[in-house]
Amino acid sequence: MAERRLLVLFGSQTGTAQDTAERIGREAQRRHLRCRVEALDSCDLANLIHEPLVVFVCATTGQGDPPDNMRMFWRFLFRKNLPAGSLCQLDYAVLGLGDSSYPKFNFVAKKLHKRLLQLGGNPLLPVALGDDQHDLGPDAVVDPWLVALWDKILALYPLPPGLEIISPDVCLPPKYTLHYLPEDSPHPSSDLLQPSAPRAAPCELHPFAARVVSNQRVTAQGHFQDVRLIEFDIAGSGIVFSAGDVVMIRPQNCPEDVQQFCQLLRLEPHRRFVLEPTEPGTSLPPFLPQPCTIQYLVTHYLDISCVPRRSFFELLACFSTNELEREKLQEFSSAQGQEELYSYCNRPRRTTLEAMWDFPHTTCAIPADYLLDLIPHIRPRAFSIASSMLAQPERMQILVAVVRYKTRLSKPRRGLCSTWLASLNPEQGDVRVPLWVKKGGMKFPADPATPVIMIGPGTGVAPFRAAIQERVALGCGGNCLFFGCRHKSKDFYCQTEWEELVTKGLLTLFTAFSRDQDEKVYVQHRIRENGKLVWELLSSGNAHVYLAG
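- For the protein chain, an unreviewed UniProt entry supplies the name NDOR1 oxidoreductase and the organism Sinosuthora webbiana.
- Per UniProt, the comment on the protein chain under Subunit (unreviewed entry) is "Interacts with CIAPIN1; as part of the cytosolic iron-sulfur (Fe-S) protein assembly (CIA) machinery. Interacts with DCPS."
- Listed under Subcellular location (unreviewed entry) in UniProt, the entry text for the protein chain is "Cytoplasm".

Here it is in structure tokens:
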């Protein structure tokens, strides 16, 4: 009988595709299939020709782009020299996750399906196109598609005699087991966030611990929005960036939340443990040191402030010993309960930690081994770099609007990363932030004579500050900036800097302060008023236009 094995590969930007891929992995386990779930770029592509059965789960980002963790796979798959029948052994299915309010809806999944067909692959089902805009989210498509998928797979690979599908009420083993070390075992001496001698340019696996030089509020004290200009020292990091690039920052949970989480789950923050994979061949989480403390795990790894997904409630229901709580958790994890889950979680932006408070009996019964199955890891946040290396070679600046808003929950919602960054005070010692740089989507013209029209309302001006600093240092003229904010006196970022450049004739600046007069004025009004100049720059100057929000 053919070997019953399945490979699930995902391309995920925000974690939804990964969550869905892991769900398929769990459903495969319940059907006694040997299953691996991996990011597309972590998979050895040369071995794809030997895989009998693969399910691809992929999101579409930006303007029809593949997610970061499938870019190498994408380039490989579209190589011209791949023979037409190279995947003729492969049975496959493609599940796309997208948003139909974008013009290139599920572009990556459609293109992947088509390319696998060209290479001789045999599709088990038509491509599935999950849609965020649907009332029930992508699950409206995913749920029925998975039912059909398992029918197809079990027809090809029937259950071995005497085995049945494991019931959803039975808890599957955790991905890792947590082995506590004896209290008196020796401690490793290294601090986990020390700047190390750079091996190569810093990256997600090896970020650079940059020292915070300054953290300055650039909006008036009375203004509702707290915006920070934060400067990092990147000397000796090997980091190189140019205008339009982005810096990736992995935030951490605030001490109060960490303390609450440990109390709720009755965890001892200073206990040390090592992780062991349950299945041989499962790699360890790349961002966790071994051994590790519970405190480090909860502070730097578990995303306890994210809005929990359906899979969270599904797993939680397994541990529940309280009948009332278990019924509610089962409802939230059922297909019928998705509208209710949306209004409980997504609409008010309820966090994982808050959801755990609502299920206290279940929460204190969660085995520590399951923490990494239950809660996703903290994802890095991207910020446009707001300075140029040509102006300050060993420094990097970002402009951060601190996210804070109200929902129907009594406690205001706070952005994890922006709140953490705003709280850092370099005057209280050596404060460091793990970061690395990624190429941005904006490329500024190589020819210094080409004028640029930059439209950057609010913190959208950040990449243009980098571009203007860079272009001024290179002696490029033709810098035209449209900037908009609410009040000239409250949130006109970098005002002095812009005015000096205008005086020196290095910048043409148009401002729109929307609330400084009765009639609201926005950047588009200023563009219309100066249409003659804009058209002149476009038609005879061949100007490039950039817009950032």
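Next comes the rest of the write-up.
Structural notes on the nonpolar core
Phase 1: Membership of the largest hydrophobic core comes to 43 residues, with the highest contact counts inside it found for F261, L297, L302, F313 and M356.
Phase 2: Top contributing element to this core by residue count: helix α7 (residues 310–319), with six residues.
Phase 3: When sequence neighbours within four positions are dropped, the list of residues in contact with F313 reads P308, L329, F332, S333, L341, Y344, C345, A355 and F359.
Phase 4: A386, V461, F492 and Y546 belong to the second-largest nonpolar core, a separate cluster that totals 27 residues.

Overview of the UniProt feature "domain: Flavodoxin-like" (unreviewed entry) in the protein chain
Phase 1: Residues annotated in UniProt with the feature "domain: Flavodoxin-like" (unreviewed entry) correspond here to residues 6–150.
Phase 2: From the first C-alpha to the last, residues 6–150 spans 12 Å; its make-up is 32% helix and 23% strand.

Overview of the UniProt feature "domain: FAD-binding FR-type" (unreviewed entry) in the protein chain
Phase 1: As annotated by UniProt and renumbered to match this structure, "domain: FAD-binding FR-type" (unreviewed entry) occupies residues 205–445.
Phase 2: When the span residues 205–445 is considered, its composition is 29% helix and 21% strand, and the gap between its end C-alpha atoms is 32 Å.

Let's talk about a nonpolar patch on the surface
Phase 1: A surface patch of nonpolar side chains, amounting to about 310 Å² of accessible area, comprises W535, L538 and V545.
Phase 2: Tracing the chain through its elements places V545 in strand β21 (residues 544–547).
Phase 3: Here V545 falls in the partly exposed class, since its relative accessible area comes to 45%.

Reading the values: rules and limits
Residues numbered from 1 in each chain as written. Predicted model: local features only at pLDDT ≥ 70, side-chain atom pairs only at ≥ 80, totals over all residues. Heavy atoms only, no water. UniProt positions renumbered as here; feature names shortened; annotations may be inferred. Core = buried A, V, L, I, M, F, W, Y, C linked by side-chain atoms within 4.5 Å. Buried < 20%, exposed > 50% of the residue type's maximum accessible area, 1.4 Å probe, protein only. Helix = DSSP H or I, 4+ residues; strand = E, 2+ residues; numbered from the N terminus. Contact = heavy atoms within 4.5 Å. Patch = residues over 30% accessible without salt bridge, like charges linked within 9 Å, V, L, I, M, F, W, Y side chains within 5 Å. Areas by Shrake-Rupley, 256 points an atom, 1.4 Å probe, with all protein chains shown as cover. Salt bridge = Lys/Arg side-chain N within 4 Å of Asp/Glu carboxyl O.

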